[in-house]
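Coordinates in review
Listed below are the residues making up each chain.
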Amino acid sequence: MKRAGFSLIELIIVVVVVAIAAVAIGSAFAYMSRSQTLAVDLVGATQAAQECAAHIVGQSRRPGTYASGPAGATACNAIPAPAGYARSVTVTNVVGPSGTLCTGAGWNCKSVAITVTRNTANVTVNFMLVNY
């Protein structure tokens, strides 16, 4: 008499296929979670860098004082960096070749680079301050 049902080999094949699918789905969820965390870190780092840049520009708004504002790593100490974020500010004097913007009569130029990092997220905002 023949019985209806599944053989042991068929059941093993189904279990293997379901296990492979579960591993693939788990990997996809792990990747999406890491991607989401990185996106949140990038947004936070960008906001912190832009806030620092606005603070630096806001401290010297009058014409003729743009490049005489705060300099160096202490430029944004008045605004605390968000928890878990590291911020560095680099301000360098820019001296261009003769006849360029930064060598004109009374012109003074500074290059500002603000870098904010958290985990693997790294954001840098660069801009120039120019006295005219």
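In this report, the structure presented in the accompanying data block is examined. (Residues numbered from 1 in each chain as written. Predicted model: local features only at pLDDT ≥ 70, side-chain atom pairs only at ≥ 80, totals over all residues. Heavy atoms only, no water.)

Of regular secondary structure, the protein possesses 1 helix and 3 strands. Going residue by residue from the N terminus, the α and β elements of the protein occur as α-β-β-β. Out of the 132 residues in the protein, the part that is buried amounts to 27%. Contacts in the protein between residues at least 24 apart in sequence constitute 54% of all its contacts with a sequence separation of at least 6. (Helix = DSSP H or I, 4+ residues; strand = E, 2+ residues; numbered from the N terminus. Buried < 20%, exposed > 50% of the residue type's maximum accessible area, 1.4 Å probe, protein only. Contact = heavy atoms within 4.5 Å.)

Helical geometry note: an α-helix holds 3.6 residues per turn, so side chains three or four residues apart project in the same direction. Helix length check: helix α1 (residues 8–59), at 52 residues, gives a terminal C-alpha distance of 77 Å against a target of 76 Å (1.5 Å per residue), a fit within 8%. Here α1 has its buried residues at D41, G44, A45, A48, A49, C52, A53, H55 and I56. Against the buried residues of α1 lie β1 (86–94), β2 (108–118) and β3 (121–131). (Expected span 1.5 Å × (residues − 1).)

With that settled, the discussion passes to the pattern of salt bridges. Oppositely charged side chains are able to pair whenever their charged atoms sit close together. Using the criterion set out here, one finds 1 salt bridge in the structure. Salt-bridge contacts for R118 lead to D41; the nearest nitrogen and oxygen are separated by 3.7 Å. Here D41 lies in helix α1 and R118 lies in strand β2, a separation of 77 residues in the sequence. Relative accessible area serves as the criterion here: at 27%, R118 is assigned to the partly exposed category. Of the residues examined, D41 reaches a relative accessible area of 6% and is grouped as buried. (Salt bridge = Lys/Arg side-chain N within 4 Å of Asp/Glu carboxyl O.)

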